[in-house]
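# Report on the structure
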Amino acid sequence: MSIIEIRGVVKRFGSITAVAGVDVDIAHGECFGLLGPNGAGKTSLVRMIVGVSPITEGSIMVDGRDITREPRLIKAQLGVVPQEDNLDPDLNVLDNLVTFARYFDIAKEEARQRALTNLQLFELQDRQRAKIEELSGGMKRRLLIARALTNKPMLLVLDEPTVGLDPQTKHLVWRKLRSLKAQGTTLLLCTQNMDEASFLCDRLAIMNEGRIIALGPPQELVRKYGGSQIIEARVRSGERRDLVLSRLGKQGLQWQEIEETIYVFQGDGQVLDQDLLSELVITNQHIPSLEDVFLKLTGRSLKEQ
Ligand SMILES: Nc1ncnc2c1ncn2[C@@H]1O[C@H](COP(=O)(O)OP(=O)(O)OP(=O)(O)O)[C@@H](O)[C@H]1O
Ligand SMILES: [Mg+2]
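Residues numbered from 1 in each chain as written. Chains lettered and ligands numbered in written order. Predicted model: local features only at pLDDT ≥ 70, side-chain atom pairs only at ≥ 80, totals over all residues.

### Some details on the domain arrangement of the protein chain
Domain assignment breaks the protein chain into domain 1 (1-77 + 155-226), domain 2 (89-152) and domain 3 (228-287). Here the C-alpha centroids of domain 1 and domain 3 sit 35 Å apart. (Domains from an automatic or database assignment.)

Dropping the structure here:
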């Protein structure tokens, strides 16, 4: 059985459609990623899944229960790392965790023990008496993840958990998330970071404008949509642009254009003939990545949003 079943889900804010009809199942124990640019609808979707935002249309089941009907029972099993820091500024680091444990009726001494364990896990034990305002951005992100583990959740939902972290801290978080997954925790992760998506996720949904536009294991998506090589080029003479693009098409080569740069998706066995090559100035050639998958599907860059 899936741990999350999403059926025909739509979210509207007045005239804005943030989520435009999503159907997907997430399996027990997997790490599932939502990858997409700003405004794709990732946060809107996960906020409905964790029961903090009403569903406009459709239904979401978590562990066989309807999130609209039984939000309390579901929330008891969830850990949530929100995109925006919502730590309590009036409490120190340790008390933020101990107080949070009250929502789950965890006894005081047990709450303290769990808090200390989770602080240690994210290397924050030396900061337990610090005020929230004294923490760096990266420490706050780690504290939010530590807090989300308070109730030993079976499903951990993380909305861009490593934004703003330095590379070393990012890797620490990735290692911890991997070990949680190894212990059986299901992870649902929103990210704009392709490395994070490739490193952590068993399956990825690429989101754009409220919809899932591609779904599958990261490597499969790259193989399916990226082809064997990406060629970045400019057309040597501006007036010949249309001609060159139509020739690419005639040769069965797919391409996208961003400003002056043409990205040619070269499939297995496809080559650019000499005539075409003489019309182009090649600026880069690379092995496809998830970024190229996004570019191919949307004509936009994931990074530059
Ligand atoms: N509370 C709200 N009221 C009105 N519009 C909203 C609200 N929350 C989100 N939106 C709109 O819904 C759309 C999707 O936003 P959402 O935050 O879900 O995107 P996202 O994929 O999480 O983006 P980001 O990567 O920037 O976090 C955007 O157009 C956004 O402006
Ligand atoms: Mg978001």
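Moving on from the coordinates now.
### Some details on helix H5 (residues 137-148)
Taking 1.5 Å as the rise per residue, H5 with 12 residues should run 16 Å; its terminal C-alpha atoms sit 17 Å apart, in good agreement. All of the buried residues in H5 are Arg 141, Arg 142, Leu 143, Leu 144, Ile 145, Ala 146, Arg 147 and Ala 148. Those residues of H5 hidden inside the fold are in contact with strand E6 (78-81), helix H3 (93-101), helix H4 (108-121), strand E7 (155-159) and helix H6 (167-182). (Helix = DSSP H or I, 4+ residues; strand = E, 2+ residues; numbered from the N terminus. Expected span 1.5 Å × (residues − 1). Buried ≥ 20, exposed ≤ 12 C-beta atoms within 10 Å, placed from the backbone. Contact = placed C-beta atoms within 7 Å.)

### Overview of the sheet that holds E6
In spatial order, the strands read E6-E7-E8-E3-E9-E10; together these six strands make up an open sheet with mixed pairing. Looking at the sheet topology across the chains shown, the edges are occupied by E6 and strand E10 (211-216). This sheet shows a mean twist of 15° between the axes of neighbouring strands, independent of strand direction. Across the face of the sheet, helix H8 (residues 218-226) comes into contact with strand E9 (203-208) and E10 while running at roughly 105° to E10. (Pairing = 2+ DSSP bridges. Axes fitted to C-alpha atoms, helices over the stretch in contact; angles between N-to-C directions.)

### Some remarks on the site of ligand 1
If you check the shell around ligand 1, you find 13 residues, and the closest are Phe 13, Ala 18, Asn 38, Thr 43 and Ser 44. Of all the secondary structure elements, the ones that give two or more residues to the shell around ligand 1 are strand E2 (16-27) and helix H1 (42-49). In terms of residue count, H1 provides more of the shell around ligand 1 than any other element does, three residues in total. Class assignment for the residues of the shell around ligand 1 results in four nonpolar, eight polar and one charged. (Near = placed C-beta within 6 Å. Nonpolar A, V, L, I, M, F, W, Y, C, P; charged D, E, K, R; others polar.)

### A look at the environment of Gly 36
Residue position: Gly 36 is located in the loop between strand E3 (31-35) and H1. Each C-alpha atom, one on Gly 36 and one on Thr 191, is 6.9 Å from the other, the two residues being 155 residues apart in sequence. Those residues in contact with Gly 36 that sit more than four places away from it in its chain are Lys 42, Ile 206, Met 207 and Asn 208.

### A few points about the sheet that holds strand E11 (residues 229-235)
Spatially, the four strands line up as an open sheet ordered E12-E13-E11-E14, and their pairing is antiparallel. Every interior strand has two partners, whereas the edge strands, strand E12 (254-258) and strand E14 (280-286), have only one. Strand-to-strand twist in this sheet, taken as the mean axis angle between neighbours without regard to direction, amounts to 25°. Examined bridge by bridge, E11 and strand E13 (residues 261-266) share five bridges and lie antiparallel to one another. The partner of Glu 232 across the bridge, within E13, is Tyr 263.

### What to know about the nonpolar core
Judged by nonpolar contacts, the single largest core of 70 residues is most densely connected at Ile 49, Ile 60, Val 157 and Ile 206. Counting contributing residues per domain, this core is built from domain 1 (1-77 + 155-226) and domain 2 (89-152), each supplying no fewer than three. Apart from the residues within four sequence positions on either side, Ile 206 is in contact with Leu 35, Gly 36, Ile 212, Ile 213, Ala 214, Val 293, Phe 294 and Leu 297. Listed in part, the six residues of the second largest apolar core include Ala 233, Leu 248, Val 264 and Phe 265. (Core = buried A, V, L, I, M, F, W, Y, C linked by C-beta atoms within 7 Å.)

### Some remarks on the pairing of E7
The element E7 is largely enclosed, with a buried count of five among its five residues. Burial along E7 is two-sided: the residues Leu 155, Val 157 and Asp 159 and Leu 156 and Leu 158 are all buried. Of the strand pairs in this sheet, E6 and E7 are connected by four bridges, and their pairing is parallel. Paired with Leu 78 across the bridge in E7 is Leu 155. With five bridges joining them, E7 and strand E8 (residues 186-191) adopt parallel strand pairing. If you follow Leu 158 over to E8, its bridge partner there is Leu 189. Following the backbone out of E7, through H6 and into the adjacent parallel E8, one traces a crossover that is right-handed. (Right-handed = clockwise from strand over helix to strand, strands pointing away.)

### A closer look at the packing of H3 against H5
At a minimum axis distance of 10 Å, the contact between H3 and H5 shows a crossing angle of 30°. Considering the angle they form, H3 stands roughly parallel to H5. By crossing handedness, the relation of H3 to H5 is classed as right-handed. Across from Val 93, Asn 96, Leu 97 and Phe 100 in H3, the residues of H5 making contact are Leu 143, Ala 146 and Arg 147. Counted by class, the contact of H3 with H5 contains five nonpolar, one polar and one charged residues. (Parallel < 35°, antiparallel > 145°, perpendicular 65-115°, else oblique. Left-handed = near helix turned anticlockwise from the far one by under 90°.)

### What to know about the packing of H8 against helix H11 (residues 290-298)
As a packed pair, H8 and H11 sit with axes 9 Å apart at the nearest point and diverge in direction by 50°. Taken together, the axes of H8 and H11 are oblique relative to one another. As H8 runs across H11, the sense of the crossing is left-handed. Where H8 abuts H11, its residues Pro 218, Leu 221, Val 222, Tyr 225 and Gly 226 lie against Leu 290, Asp 292, Val 293, Lys 296 and Leu 297.

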